[in-house]
Every structure is written in structure tokens, then in C-alpha cells.
Amino acid sequence: MNQDELKRAVGQAAADYVVAHAPQGAVLGVGTGSTANCFIDAIAPFKERFRGAVSSSEASTDRLRSHGFAILDLNDVSEIPVYVDGADEVNDRLHMVKGGGGALTREKIVAAVADTFVCIADASKLVPTLGAFPLPVEVIPMACAHVARELAKLGGDPHLRKGFITDNGNLILDVRGLSIDDPVALEAHINQIVGVVCNGLFAARGADLLLLGTPDGVRQLHPKS
């Protein structure tokens, strides 16, 4: 199977998982990106089972609406049984690098509310050490240069994502050159830099389940202790 076929396979596997585990009338949490789009398309025939969906981006909101989902504001939702989203990288502890699509802050917020975070990815995203994929950091525009200098002190090589504004009206610095041996500590450290809104390490709250698309089928992986 090619990469698109693997994405569709994990999208379908995630839809099957949600239908089996989310109660009738639940609110669905939905992430952003090409693999999340495959999930949205796969779950669409079951939309009547759900009260509605909370989306992590305007792009996903548009796709959900096109399938007839009611879109809910997270402030009006007290519980999300399952949140489904992709990853740019994931390790065996189900720590992730996310934000290639620029929706990292909203993704992290929705993930924080969810009882279960299901990560969906093709096998190329599973890595022994995070950091080969540039780490996205969302920053307040006036702090961009300051944050870039602080990230350079950590050994990273930050580059402004040109021509891109997040749904929150902020900028993205993509940080290359990091070998992330302690994702939890680095996530906390970067978030303490003044001017940082959020960074793309999802380690303090990682995934609870990884549905990994492989040529031999979709594997279910749980965090390695």
C-alpha cells in the first residue's frame, strides 16, 4: 500500500474504534491534517450517533460541516470521550511532534479535554527519537525574534514559516536540528519562553493509543513504559 492508502486504512480503523467505544450522543474530538481528513470521511456515515464534534482547526471544521456534523464550541462541552488526530512523528511512548499543519495549540487544547487520545499515523511516522521533523512553535508575532534566539540557545535552528498565520493569528517557528531525548522536559522548557503560545511536543499529554498503518495492516500500539 502507498502512503495515501495507509492513511485511509488508519482513518477507517479509527472510525471503527470510535463507533465501538464512544457512547451514543457523545461529542467527538477531531484533529487536523491529511490523516485526520481520512478519519472524518470514514466516520461521516455514523454522524447521527454523535451530538456533534469539536474541531482543532477551521479546515477540519469545514470538512466536518460538509459531512453534516454539528460543530460545537469547546467552552460548551464538558466531556470528549475520544479525540482522534494524526502526528508528524511519534515514539514508542506515544510522545508526538505535531503542528505540521499549524493547528498545534488548538489540537493540544482539545486533547487536554479528551478522555482518550487516539493517534493515527502511517508507519513512516514511528521513530526511535523525536526531532528529525522540525518542531513547530507558535509564537506571538512581536516576540518572534526573541523566541528564535532562545530556541537557538537550546541547540535548535528556528525558521519562520513564511506566509503562514495560525487560526489564532500568530506565527510559527519551525525548529530544525533538535534531538529530543526528553520530550516532557523540553516541552515544558519551551512553553516557559516568554512569547511562546504553545509548542508541537505532545509529551506531557501523549496519545493513549496509536493506530499505525503498515503494509501488513493496522497495528494497535499502547505507550511503552
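Structure: see above.
Residues numbered from 1 in each chain as written. Predicted model: local features only at pLDDT ≥ 70, side-chain atom pairs only at ≥ 80, totals over all residues. Heavy atoms only, no water.

(A) Fine view of the sheet that holds strand 9 (residues 171-176). With antiparallel pairing, the four strands of this open sheet are ordered in space as 8-9-7-10. Looking at the sheet topology across the chains shown, the edges are occupied by strand 8 (157-160) and strand 10 (196-199). Sheet twist, expressed as the mean angle between neighbouring strand axes with direction ignored, is 30 degrees. The sheet contact formed by strand 7 (residues 135-139) and strand 9 spans five bridges and is antiparallel. Its bridge partner lying in strand 9, Leu135 is registered against Val175. Helix 6 (residues 183-191) rests against strand 7 and strand 10 of the sheet, and its axis sits at about 165 degrees to strand 10. (Pairing = 2+ DSSP bridges. Helix = DSSP H or I, 4+ residues; strand = E, 2+ residues; numbered from the N terminus. Axes fitted to C-alpha atoms, helices over the stretch in contact; angles between N-to-C directions. Contact = heavy atoms within 4.5 Å.)

(B) Spatial organisation of the pattern of salt bridges. The tally for this structure, following the rule as stated, stands at ten salt bridges. Between Glu58 and Arg106 there is a salt bridge, with its nearest N and O atoms 3.3 Å apart. On the criterion of sequence distance, the pair formed by Glu58 in helix 3 (residues 58-66) and Arg106 in helix 4 (residues 104-113) is long-range, its members being 48 residues apart. Among the residues examined, Arg106 registers a relative accessible area of 25% and is labelled partly exposed. For the salt bridge of Glu107 with Lys98, the shortest nitrogen-to-oxygen distance reads 3.3 Å. Via salt bridges that share partners, Asp85, Lys98 and Glu107 belong to a single interconnected network. (Salt bridge = Lys/Arg side-chain N within 4 Å of Asp/Glu carboxyl O. Buried < 20%, exposed > 50% of the residue type's maximum accessible area, 1.4 Å probe, protein only.)

(C) Main features of the sheet that holds strand 2 (residues 50-55). Pairing in this open sheet of six strands is mixed, and the strands run 2-1-3-6-12-13 from one edge to the other. With one partner strand each, in any of the chains shown, strand 2 and strand 13 (217-221) form the two edges of the open sheet. The average undirected angle you get between the axes of adjacent strands in this sheet is 20 degrees. Alignment of strand 12 (residues 209-214) against strand 13, held across five bridges, turns out to be antiparallel. In the strand pairing of strand 13, Leu211 is matched with Gln220.

(D) Looking closely at the packing of aromatic side chains. Enumeration according to the criterion identifies one aromatic pair in this entry. Both rings, one in Tyr83 and one in Phe117, keep their centres 5.0 Å apart while their planes meet at 65 degrees; by these two values the pair is edge-to-face. Of this pair, Tyr83 sits in strand 3 (residues 80-85) while Phe117 is found in strand 6 (residues 114-122), placing the two residues 34 residues apart along the sequence. For Lys108, the ring lying beneath its charged end belongs to Phe202, and the centroid distance is 4.9 Å. A cation sits over an aromatic face here: Arg161 above Phe164, 5.2 Å from the ring centre. (Phe/Tyr/Trp six-rings, centres within 6.5 Å; stacked < 30°, edge-to-face > 60°. Lys NZ or Arg CZ within 6 Å of the ring centre and 35° of its normal.)

(E) Examining helix 3 more closely. The complete set of buried residues in helix 3 reads Ser60, Thr61 and Leu64. Down the axis, helix 3 shows its buried residues gathered within 105 degrees of arc, on one side only. Projecting away from the buried face of helix 3 at angles above 90 degrees are the exposed residues Ala59, Asp62, Arg65 and Ser66. Packing partners of the buried residues in helix 3 comprise strand 1 (26-30), helix 2 (34-43) and strand 2. (Arc of directions from axis to C-beta.)

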